[in-house]
Each structure stands twice: as C-alpha cells, then as structure tokens.
Amino acid sequence: MNIPFAKPNLDKKDIYKIVKTLKSPILTHGPNSINFENFFIKKFKYKYAHTVSNCTAALHMSYMAIKLGKGDEIIVPNQTHVSTVHAAEILGAKPIFVDCELSTGNINLEEIKKKITKKTKAITVVHYLGKPVNIEEIAKFCKKKKIYLIEDCALSLGAKFKNGFVGSFGDFACFSFYPAKHITTADGGMLVCKKEKDFKKVKLLKGFGVDKNFNERKIPGNYDVKSLGLNYRLDEIRCALGISQLKKLDRFIKLRKQNYSFLKQMLSDVKNISILDLDSRMNFKSSYYCFSIILKKKIKKHRFKIIKEIKSRGIGTSIHYPKPVSDYTYYKNKYRLKSKLFPNASIMSYSSINLPVGPHLKKKDLYYIVKTIKKIFSKY
Ligand SMILES: *Cc1c(COP(=O)(O)O)cnc(C)c1O
C-alpha cells in the first residue's frame, strides 16, 4: 500500500492546458492570470483578486499594503503555519500570539480581546483545517476598533461562513495552491481584497513598483517606478493550471467531505483519541482539509512511534503543526514565551496525527486506513 497524505490531482485536461501555454508565446503577464483572477472573483463573489507566487507572498503584501512595521502589533494564531507570522515578523512588526480553541483549532474573539493594545494594527485569522472561525463577529469587532483584518485561507478554499465564502470578510485574504492544498498550481496563491485602492497597491507591490505592466506600455520597455516592490507574480503556466483545477474544486470538496465522514464514523470507537470535528453546520460549511486525530494524554508520548507504524504500513500522515509558532527556535529565542501560555495550541501541535481525506483516496484505501488505524491503536 502507498497512500500519500496528499496527492496533486492532475488530469489530462490540466496537462493539456499546461502544454498549450508552454507552446504559446506568452509565459507571463498574459491572459491566463487575468482569467484566473476573474474566475476566482466570480466563483466566490470576491471584489478584487491578484494571482501571486504563493500564500506567503500574499500575506507579505497584505501586511506591506497596510504599512505594518516597527512599533506595530499584529494578533496572530499560535496554531498556524509559520508563514502567517513570518510575513509580519520580517517587516519588523511584533506578533502577538493567541491560543486556539481545543474543539476547533481556531482563535476566537474572546481570546483576541485579551490581547488588544493601542499598538494593535491588524488581526490575522486562520480557518483551521477548513473550518471557518467565527469571522462575522471578528470582522465587526475589527471595524469598530479600526483594526485591519486579514484572513489566511490557505487551508479553507471553498469554505463558507453563513452566506459568504471565507475570504470575503477581511480587508485581505490569502490563498495557497501548494500541492497539498485543495487545488494546486505547484506553488501559487491568490490575494483577495475589498477595496480598489488596496488592489492597486498590491499591483505595484507584486511587480517591482512599476507603473505600467507589460501590456500597458505604449513604448516597449518604457516604464517608471513609483514605489518599492517585489516580483510576486504567478506565471501563465501556473495560472492555466489554476483555472482548470478550480473547475474541479466543488467535486474535490464533496469527496473530501465523504472521506472525512467515512473515517469519522468508522474510527469513532477508537480508544484514547479524540477526532477534530470539521462537520458543516447551519452557519458554516467546512472544506475538510484533513482528518485530525488528537491523542489523549495517556498515549501522547507514543506519537512518533505511532506515526512511524502508520507510515510503515504505507499510509501518509501529517502533523499540524510540528510546534506552536512561539515554540520554534527563532520565536522562542526572540520572545521567550512559555508553551504553557498556549495550552490548547500545545495539545494540538504536540498530540495530533492527521490522516488524508483528499480526492485521491479510493474506497479500498479508506477501508485499509480504518483497519490499520484500529489495529495500531488497539495496542495502546
Ligand atoms: C500552506 C500554508 C501557508 C503557506 O502557503 P504557501 O503557498 O506555501 O506560501 C500559509 N498559511 C497556512 C495556514 C498554510 O497552511
């Protein structure tokens, strides 16, 4: 058996679109990028979108657009990919970590309120494993306090809170198309925003601060540079793949939901574990990123051994994440925050084993996973 944790799902149509673009004369600055952005906006009812190199680039530019820097604080979840925090830290801002809820892995307004100071410029939320945070009340709060809200949607493409897709509540929203995410362009991402002025800022930031992009130049090669900027564009090949992948997202999520539900039903009686509940509810729709098992205290110390056993039987797993961000060496050395300040993020990071639910799983894979997991856990 060889069942990976995640497997990019590329079919003939995807490959045809890639090859077609490779054979065309335009590999960057072309129509695929614009078409991908327009498709994204239309599908999820967003206002403005920029294709970008990856989600980290999207976060970096969101923070740059609000001029986040020295002297500013930004509230971030401690239970997230380091990218959410690095993108702010690299600008000189101070990350203020918030613990997550044990039942969801998400941060909530109550915890956020405890960390607000005069210096708070922005809050970034992560919709953990595809289950939305209570974004409506957080957005309301940010508006009242005049604090920017950024949504890190890297794990939650297609998830909904009430009638709005995640990403439509914040000033900015950042998406990842890394191979392990819901859809892929190899590396790649999208940056969504609400205001035209922010859209224009990001346009400068993602292309060297140049005033006219390739297609807007009357004299070839002639442009001026209005501001600082980077090269965070997404090329035409990846954008072509993105369009063709996005067409399949609804089917992918449906399969993820089915696979998640199957595992949840079949593994509910396994002892000494709890299963993170990602199920959709009246007020939200999950996008089911993976199946997260949290080991109970009693067997927590055996986690790496259990992971190795699962791996040796050909099943891919993952950990979200290896540590709460404040426990990584860089952040530990700089801010000296004790793990026990974040009891829930510590439990999640140090006790989770995450199983695949992606569209690559066949029925027989699912039965094999259930049988194997039951067998392994019966020893503990
Ligand atoms: C994957 C991930 C990122 C980083 O995405 P890249 O596209 O690889 O830069 C950021 N935030 C979260 C929550 C992620 O899961």
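What you see is a predicted model; the values in this text were computed from it and never measured. (Residues numbered from 1 in each chain as written. Predicted model: local features only at pLDDT ≥ 70, side-chain atom pairs only at ≥ 80, totals over all residues. Heavy atoms only, no water.)

Draft legend 1. Fine view of the sheet that holds strand β7 (residues 164-165). Reading across from one edge, β7-β6-β11 is the order of the 3 strands in this open sheet, with antiparallel pairing throughout. Where the open sheet ends on each side, the last strands, each with one partner, are β7 and β11 (284-285). Of the pairings in the sheet, the one linking strand β6 (residues 160-161) to β7 comprises 2 bridges and is antiparallel in character. Its bridge partner being in β7, Phe161 is matched across the sheet by Gly164. (Pairing = 2+ DSSP bridges. Helix = DSSP H or I, 4+ residues; strand = E, 2+ residues; numbered from the N terminus.)

Draft legend 2. Structural view of the nonpolar core. Counting residues in each nonpolar core, the largest one holds 76 residues, and the members touching the most others are Leu263, Ile306 and Phe377. With residues up to four places along the chain from it excluded, the contact list for Leu263 reads Phe291, Pro356, Val357, Leu366, Ile369 and Val370. Counting residues in each nonpolar core, the second largest holds 24 residues, with Phe36, Leu157, Met190 and Phe252 among its members. (Core = buried A, V, L, I, M, F, W, Y, C linked by side-chain atoms within 4.5 Å. Buried < 20%, exposed > 50% of the residue type's maximum accessible area, 1.4 Å probe, protein only. Contact = heavy atoms within 4.5 Å.)

Draft legend 3. A look at the state of the cysteines. Throughout the structure, instances matching the rule amount to 0 disulfides. The structure places no disulfide on Cys100, whose sulfur is separated from the nearest cysteine sulfur, that of Cys290, by 14 Å. You can call Cys100 buried: its relative accessible area is 4%. You can see Cys142 has no disulfide; the closest cysteine sulfur is in Cys153, sitting 14 Å from it. (Disulfide = S-S within 2.5 Å.)

Draft legend 4. Geometry of the pairing of strand β3 (residues 94-98). Most of β3 sits inside the fold, with 4 of its 5 residues counted as buried. For the handedness criterion, the β-α-β arrangement of strand β2 (residues 73-77), helix α4 (residues 82-89) and β3 is classed as right-handed. (Right-handed = clockwise from strand over helix to strand, strands pointing away.)

Draft legend 5. Local environment of the sheet that holds strand β10 (residues 273-275). Across the sheet, 3 strands lie side by side as β10-β12-β13; this open sheet has antiparallel pairing. A single partner strand is all that each edge strand has here, and the edge strands are β10 and β13 (352-355). On average, adjacent strands in this sheet sit at an angle of 25 degrees to one another, irrespective of strand direction. As paired strands, β10 and strand β12 (residues 291-295) are joined by 3 bridges and run antiparallel to one another. (Axes fitted to C-alpha atoms, helices over the stretch in contact; angles between N-to-C directions.)

Draft legend 6. Seen up close, the packing of helix α2 (residues 31-44) against helix α8 (residues 236-246). At a minimum axis distance of 8 Å, the contact between α2 and α8 shows a crossing angle of 30 degrees. As summarised for this structure, α2 and α8 are arranged roughly parallel, according to the angle between their axes. Classified by chirality, the crossing of α8 by α2 is left-handed. For the pair formed by α2 and α8, the contact residues are Pro31, Asn32, Ser33, Asn35, Phe36, Phe39, Phe40, Lys43 and Phe44 on the first element and Glu236, Cys239, Ala240, Gly242, Ile243 and Leu246 on the second. Of the residues assigned to the contact of α2 with α8, the class counts are 9 nonpolar, 4 polar and 2 charged. (Parallel < 35°, antiparallel > 145°, perpendicular 65-115°, else oblique. Left-handed = near helix turned anticlockwise from the far one by under 90°. Nonpolar A, V, L, I, M, F, W, Y, C, P; charged D, E, K, R; others polar.)

Draft legend 7. Looking closely at helix α9 (residues 249-267). A rise of 1.5 Å per residue sets the reference length of α9, with its 19 residues, at 27 Å; its end C-alpha atoms lie 26 Å apart and thus fit the reference within 8%. Taken residue by residue, α9 has Leu249, Phe252, Ile253, Arg256, Asn259, Tyr260, Phe262, Leu263 and Leu267 as its buried positions. (Expected span 1.5 Å × (residues − 1).)

Draft legend 8. Seen up close, the confidence of the model for the protein. Confidence along the protein averages 97 in pLDDT terms, with 100% of residues attaining 70 or more. Per-element mean pLDDT across the protein ranges from 96 in helix α10 (residues 297-300) up to 99 in strand β8 (residues 172-176). (pLDDT = per-residue confidence, 0-100.)

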